[in-house]
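Here are the chains, one letter per residue:
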Amino acid sequence: MNVMEIRDLSVDYLSNSGAVHAVAGVSLDLRRGEILGLAGESGSGKSTLAGAVARLLRPPAAITSGSVTYHRQDGTAVDVLALGGNALRAFRWKELAVVFQSAMNSLNPVSTVGAQIDDVLRVHVPGMSRDDRAERTTELLKGVGISADRRRSYPHELSGGMRQRAAIAIALALNPEIIIMDEPTTALDVVIQRDILHEIRTLKDEYGFAVVFITHDLSLLMEISDRIAIMYAGRVVETGTAKELHRAPRHPYTLGLLRSFPRLRGPREELLGIPGTPPDLRALPTGCAFHPRCGRAMAECSSELPVLDDGVACLLNGGHGLESHDRS
Ligand SMILES: Nc1ncnc2c1ncn2[C@@H]1O[C@H](COP(=O)(O)OP(=O)(O)OP(=O)(O)O)[C@@H](O)[C@H]1O
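Residues numbered from 1 in each chain as written. Predicted model: local features only at pLDDT ≥ 70, side-chain atom pairs only at ≥ 80, totals over all residues.

Draft legend 1. Highlighting the overall build of the protein chain. Secondary structure summary: the protein chain contains 10 helices and 12 strands in total. Over its C-alpha trace the protein chain gives a radius of gyration of 20 Å, about what one expects of a compact globule, namely 20 Å for 328 residues. Oriented by its inertia axes, the alpha-carbon framework of the protein chain measures out at about 70 × 40 × 40 Å. Expressed as a percentage of the 328 residues in the protein chain, the buried residues total 43%. A sequence separation of at least 24 residues applies to 61% of the contacts in the protein chain between residues at least 6 apart. (Helix = DSSP H or I, 4+ residues; strand = E, 2+ residues; numbered from the N terminus. Rg over C-alpha atoms; globule rule 2.2 N^0.38 Å. Buried ≥ 20, exposed ≤ 12 C-beta atoms within 10 Å, placed from the backbone. Contact = placed C-beta atoms within 7 Å.)

Here it is in C-alpha cells:
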C-alpha cells in the first residue's frame, strides 16, 4: 500500500546559463511504514526531489512536470503539487514532516525545546489542553531519548545528538504519515548516528510512519532501509530492497557506489569505484547520463536513454531504452 506516489517528476533550477535539470522524470513509490533510502553522489538531485515532495522549493527551482500523490489512510488521494495556503501548512506538519541535516537551523535558538513542541501542538491542535500538551511533549522527548527535565533546555545547551533528537521529536509532534530526513545525522559522531537511527526504526514501528532517508553513507542506508533508490544525474537508476542492492546490484553505478568509499557530500571528487565526476546538469551526455563513466558501456548507451524497468535503468540489464530524440 503506497502512502505516496511520485510520477514523472522533473525539477529545473532556472539560471542565466541555462536550466539545471536537477530532477528528471522520477517515478517512485513510498510504501506505508517503510524506510526508503535515497542515495547518490552530491548533486544527483536527492535534496531537490525531497524538497519537491515536501513543497519546500523556492525559485529559481521550478517543477516542470509530473505529479505527487499522497494517500491518506482513509483512502482519499491528495494532489500534493496543487496544495496551497492552509491545506499546504496542514499537510506539511500533519501528514509530512522534514528533518534537516542541521538541527540548529530548524530549532529556534531563543525558545526551549519543550516550548517549541508545545507551540506546534498549540497552533495545529487548537482544542488540546495545556496539560495534554505538556504530557505529549514529555512523551515525544522520551520517545527520542531525551529525559523530561530537558524540555526546559535551550538548543545551545544540548549536544549535537540531543539537538537532532529534539528536531525529530518536533517532526513527530503531530503524528505525520511521512518523515523526510535529509542527511539528518551526518554531522554527528558515528556511534550517536547509529543510536539515533535505531531509535527512528523503533519509533517507526511504533507509530507506523514512512521515512524517506537521504544520506551520503550507503553502508548506513543498507543497514536501516527497507528499500533503496539510487539517483544519478537527476534520475532514479535503480531501486530494490536493501538486501537486493547489497547482494546483487544491477546498475553499474550502484556497483561503483558500493565498491567506493564514497564521499557523497563536499567537493566533487572521483570515487574509487567510479572514474570521472558527475555530469553538468545543464548539458547532460546523450543516452544514458552515466555512459561516459561506465566501464561496461556499449555503443547504444550513448544514444538510448534507458528507462527504469523492473527496478533498473540500464541497457545491459535487459532494460529497454528510448532513442535520445524521443526524450521529452
Ligand atoms: N538554488 C540552486 N540554483 C541552481 N542550481 C541548484 C540550486 N540548488 C541546487 N542546484 C543544483 O541542483 C543539482 C541537484 O542538487 P541537490 O542538492 O538536489 O543534490 P543532492 O543529491 O541532494 O546533493 P547533496 O548530497 O550535495 O545535497 C546540483 O547540481 C545543484 O548544483
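Having seen the model, we can carry on.
Draft legend 2. The arrangement of helix α7 (residues 190–207) in detail. Between its terminal C-alpha atoms α7 stretches 25 Å, which fits the 26 Å expected from 18 residues at 1.5 Å a residue. Along α7, the residues classified as buried are I196, L197, I200 and L203. Looking straight down α7, one finds that the buried residues subtend no more than 120° of arc, so they occupy a single side. Exposed residues lying more than 90 degrees from the buried face of α7 are V190, V191, H198, T202, D205 and E206. (Expected span 1.5 Å × (residues − 1). Arc of directions from axis to C-beta.)

Draft legend 3. Focus on the site of the ligand. By nearness alone, 16 residues border the ligand, and Y13, A22, S42, S47 and T48 come closest of all. Elements with a contribution of two residues or more to the shell around the ligand: β2 (20–31) and α1 (46–53). Examining the composition of the shell around the ligand, we find that 3 residues originate from one element, α1, more than from any other. (Near = placed C-beta within 6 Å.)

Draft legend 4. Summary view of the environment of D195. Checked against the element boundaries, D195 lands in helix α7. Counting along the chain gives 67 residues from D195 to M128, while the straight-line C-alpha distance between them is 32 Å.

Draft legend 5. Structural context of the sheet that holds strand β9 (residues 227–232). The strand order β6-β7-β8-β3-β9-β10 describes an open sheet built from 6 strands, whose pairing is mixed. Each of the sheet's edge strands pairs with one partner strand only, and the pair in question is β6 (96–99) and β10 (235–241). Neighbouring strand axes in the sheet, compared pairwise and without regard to direction, differ in orientation by 15° on average. Here α1 sits on the sheet and contacts β3 (35–39), β7 (178–182), β8 (210–214) and β9; the angle it forms with β8, its principal contact strand, is near 150°. (Pairing = 2+ DSSP bridges. Axes fitted to C-alpha atoms, helices over the stretch in contact; angles between N-to-C directions.)

Draft legend 6. Main features of the nonpolar core. Residues A169, V211 and I230 are the most contacted members of the largest nonpolar core, which totals 83 residues. In terms of domain composition, this core takes at least three residues from each of domain 1 (2–230) and domain 2 (285–328). With near-sequence residues (within four places) excluded, V211 lies in contact with I35, L36, I179, M181, I200 and K204. (Core = buried A, V, L, I, M, F, W, Y, C linked by C-beta atoms within 7 Å. Domains from an automatic or database assignment.)

Draft legend 7. Spatial organisation of the packing of helix α4 (residues 113–124) against helix α6 (residues 160–172). At their nearest, the axes of α4 and α6 sit 9 Å apart, and the two run at 15° to each other. Relative to α6, the element α4 is oriented roughly parallel. Where α4 crosses over α6, the handedness of that crossing is right-handed. Contact residues: V113, Q116, I117 and V120 in α4; A166, A169 and I170 in α6. Among the residues making up the contact of α4 with α6, the classes are represented as 6 nonpolar, 1 polar and no charged. (Parallel < 35°, antiparallel > 145°, perpendicular 65-115°, else oblique. Left-handed = near helix turned anticlockwise from the far one by under 90°. Nonpolar A, V, L, I, M, F, W, Y, C, P; charged D, E, K, R; others polar.)

Draft legend 8. Summary view of the environment of C288. With respect to the helices, strands and loops of the structure, C288 is situated in the loop between α10 (252–259) and β11 (304–306). When the C-alpha atoms of C288 and A233 are compared, they prove to be 9.8 Å apart, with 55 residues separating the residues in sequence. Among residues more than four places away in sequence, those in contact with C288 are C301, L305, P306 and L315.

Draft legend 9. Representation of the sheet that holds β2. On the basis of which strands lie adjacent, the open sheet formed by 4 strands has the order β2-β1-β4-β5 and antiparallel pairing. With one partner strand each, in any of the chains shown, β2 and β5 (77–79) form the two edges of the open sheet. Direction aside, neighbouring strands of the sheet carry axes that sit 5° apart on average. Inspection of the sheet shows strand β1 (residues 2–13) paired to β2 by 8 bridges, in the antiparallel sense. What sits directly across from I6, in β2, is L28.

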